[in-house]
Amino acid sequence: MTEDFNDLDDLKAVASQGSHIYESKIDTKGRSYATGKRKNAVARVWIRPGFGRIIINDRDIEAYFARSVLRMIVNQPLQVVDRINQFDVSATVIGGGLSGQAGAVRHGISRALTYYEPVLRKSLKIVGFLTRDSRVVERKKYGKAKARRSFQFSKR
């Protein structure tokens, strides 16, 4: 019985420090998986050690994201933690437009990196890549032309 109370004291000491202990989550194939979201886009992302190849929906990143700005958004987490050519990324994205999909892949890569190497969490958190951007399009209301835009008023 006294051993149980000693265990509790140890747990209290760890809890009082306030530091979270994150463990790496790597599957049997050596990959980490995470889900990223942005607007209406949802990305399922797997990362594994490799040579820096990024495959999105079975297509190379240059073929999927033709605009260089979108490719830059996807590569941002890897650049921040200085792992640009160390991981192969495979992602499937559904929903939304290209901009939302790029943001979803970035969010997924950031989360997967923290699962693979928990030490990277702090640097990704500071830059804001682990926070899900909750802004979505406001729905259209009845009696309005759009979400807030009214029809043009005419006195006649």
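Scroll up for the structure.
Parameters at a glance
Residue indices begin from 1 for each chain and proceed along its sequence in written order. Local features in this predicted model are restricted to residues whose pLDDT is 70 or higher, and side-chain atom pairs enter the listing and the counts only when it is 80 or higher, whereas totals over whole chains, interfaces and linings include all residues. Side-chain figures throughout are based on the complete set of non-hydrogen atoms in the structure, without hydrogens or water. Only DSSP runs of H or I reaching four residues or more are called helices, and only runs of E reaching two or more are called strands; each is numbered from the N terminus. Identification of polar contacts relies on pairs of N or O atoms within 3.5 Å, with a donor-acceptor requirement for protein atoms, meaning one able to donate a hydrogen and the other able to accept it, and with residues adjacent in sequence counted only if both atoms are side-chain atoms. The contact rule is simple, with two residues in contact once any of their heavy atoms fall within 4.5 Å. A pair of aromatic rings is counted whenever rings of Phe, Tyr or Trp (Trp by its six-membered ring) have centres within 6.5 Å, and the orientation is called stacked for planes under 30 degrees apart, edge-to-face for over 60 and tilted otherwise. Residue burial is assigned from relative accessible area. The probe radius is 1.4 Å, only protein chains are included, and a residue is buried under 20% of its type maximum, exposed over 50%, and partly exposed in between.

S.K.: Before we go on, may I ask you to explain the side chain of Gln101 in this structure?
M.R.: Of note, Gln101 is situated in helix α4 (residues 98–116). Among the polar contacts listed, one links the side chain of Gln101 to the side chain of Tyr64, at a separation of 2.6 Å. Beyond its immediate stretch of four places on either side in the chain, Gln101 contacts Ala41, Tyr64, Phe65, Val93, Ile94, Gly95 and Gly96.

S.K.: How should I be thinking about the packing of aromatic side chains in this particular structure?
M.R.: Where two aromatic rings form a pair, the distance of their centres and the angle of their planes describe that pair. The final tally for this structure, using the stated rule, is three aromatic pairs. Each ring, one from Tyr33 and one from Trp46, has its centre 5.1 Å from the other, and the planes form 45°; the classification is tilted. A residue pair is termed long-range when its members are at least 10 positions apart, and Tyr33 in strand β1 (residues 32–38) and Trp46 in strand β2 (residues 41–49) qualify at 13 residues. Ring geometry for Tyr64 against Phe65: centres 5.0 Å apart, planes inclined by 85°, an arrangement best described as edge-to-face. Assigned by exposure class, Tyr64 and Phe65 land together as buried.

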